[in-house]
Amino acid sequence: MTELRGLIFDVDGTLADNEQDGHRVAFNLAFADAGLDWSWDEELYDRLLAVFGGKERIRYFIEDFLPEFDPPTELDAFIRRLHARKTERYVELLRSGSIPLRPGVGRLIREARQAGLILAIASTTTFENVTVLLAQTLGEQSIGWFDVLACGDIVANKKPAPDIYVYALEQLGLVAAECLVVEDTELGLASARAAGLKTLITVNRSTRSQDFTGAAIVLDCLGEPDTPFTVLSGDAGAAEWVDVAFLKWIHSQA
Ligand code: XBP
């Protein structure tokens, strides 16, 4: 049996429950800064989450929800500028400390590191968003705990394409069978699985009802010793929170 060597984390929705209270808010602030009267409420944002990537999401909104919209400049440049402002606004939110990690995330990252697992990030979001989130929540030094930070536009095709996970594996020098992924969405699962990776899901309020067929296990969160996880699908044995022994056990299952 292949030993577990690497743990690859998705970021948005997995490390932090930040889509509605972080990214959505930052998009709206950027729209206001640009003098646009667009405002994405939670319901609309849940629909827009069908498209990964901030620039791709803005384009999808314009093309599918505002077909009459006439951008002030060439559309690609307009979206790029708007998205750059959104990143600035999102980073401001992160730096204000208003976006915490989800339960169990900080503990598991520290334990996995201590146990000698190789850590990586595979995210659709912008590199700066990832490094500021890590620095703000786990300390500046935590950025160095990850051997690979695979983010954003580094690959041609974003999730659900497998590219970002394939890239992360190449950079890690590991094969899929040696790794386990932690994800929160159906499309993230599709991306990881297409790269041949076994995937543990922790749902959040936007993804709870998605189809996670093919996941190794589906939990409501990673859990902590005093606040156990709830199993939504799969077999957790006697475990009540995710630790390295649990990761190894899940990885060893067929
Ligand atoms: C989630 C995403 C991201 C963010 C927006 O990525 O879809 O696009 O919502 O980030 P993941 P940017 O789950 O892979 O972390 O605006 O920086 O693209």
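Residues numbered from 1 in each chain as written. Predicted model: local features only at pLDDT ≥ 70, side-chain atom pairs only at ≥ 80, totals over all residues. Heavy atoms only, no water.

K.L.:
Residues and numbers for the side chain of N129, please.
P.N.:
Its location among the elements puts N129 in helix α6 (residues 127–138). When neighbours within four sequence positions are excluded, N129 is seen to be in contact with H23, K86, T87, Y90, V91 and L94. (Helix = DSSP H or I, 4+ residues; strand = E, 2+ residues; numbered from the N terminus. Contact = heavy atoms within 4.5 Å.)

K.L.:
Provide a residue-level description of the site of the ligand, including the pertinent values.
P.N.:
Close contacts around the ligand come from 18 residues, with G54, R57, H83, K86 and T126 the closest. The side chain of R57 places a nitrogen or oxygen atom 2.7 Å from an oxygen atom of the ligand. Between an oxygen atom of the ligand and a side-chain N or O atom of K159, the distance comes to 2.9 Å. For the ligand, the accessible surface in isolation is 450 Å², of which the surrounding protein chains cover 98%. Among the secondary structure elements, those contributing two or more residues to the shell around the ligand are α1 (19–33), α3 (54–65) and α4 (75–95). Grouping the amino acids of the shell around the ligand by side-chain chemistry returns three nonpolar, nine polar and six charged. (Near = heavy atom within 4 Å. Polar contact = N/O pair within 3.5 Å; in protein donor to acceptor, adjacent residues only side chain to side chain. Areas by Shrake-Rupley, 256 points an atom, 1.4 Å probe, with all protein chains shown as cover. Nonpolar A, V, L, I, M, F, W, Y, C, P; charged D, E, K, R; others polar.)

K.L.:
Report on helix α9 (residues 244–252), specifying residues and quantitative values.
P.N.:
For α9, the set of buried residues is V244, F246, L247, I250 and H251. Along the axis of α9, the buried positions cluster into a sector of 160 degrees, meaning they face one direction only. On the buried face of α9, the contacting elements are β1 (6–9), α5 (105–114), β4 (179–183), β5 (198–202) and β6 (217–219). (Buried < 20%, exposed > 50% of the residue type's maximum accessible area, 1.4 Å probe, protein only. Arc of directions from axis to C-beta.)

K.L.:
Talk me through the sheet that holds β4; I want residue IDs and the actual numbers.
P.N.:
Pairing is mixed in the open sheet, where seven strands are placed in the order β3-β2-β1-β4-β5-β6-β7. What marks the edges here is a single partner per strand, and that holds for β3 (146–151) and β7 (231–233). Neighbour to neighbour, the strand axes of the sheet diverge by 25 degrees on average, direction disregarded. Seen against the sheet, α9 touches β1, β4, β5 and β6 and runs at an angle of roughly 130 degrees to β5. (Pairing = 2+ DSSP bridges. Axes fitted to C-alpha atoms, helices over the stretch in contact; angles between N-to-C directions.)

K.L.:
With reference to specific residues and values, describe the pattern of salt bridges.
P.N.:
The tally for this structure, following the rule as stated, stands at 18 salt bridges. Here E224 and R107 are joined by a salt bridge, their closest N and O atoms 2.4 Å apart. Here E224 is found in the loop between β6 and β7, whereas its partner R107 is found in helix α5, with 117 residues between them in sequence. Each member of the pair, E224 as well as R107, is classed as buried. (Salt bridge = Lys/Arg side-chain N within 4 Å of Asp/Glu carboxyl O.)

K.L.:
Give a detailed account of the pairing of β1, specifying residues and quantitative values.
P.N.:
Side chains G6 and I8 of β1 all project onto a buried face; the interleaved residues L7 and F9 project onto the opposite face, where all are buried too. Across four bridges, the pairing between β1 and strand β2 (residues 118–123) is parallel. Pairing of I8 across the sheet is with A120, part of β2. Where β1 meets β4, four bridges bridge the pair, whose relative direction is parallel. Counterpart to I8 in the pairing with β4 is V181.

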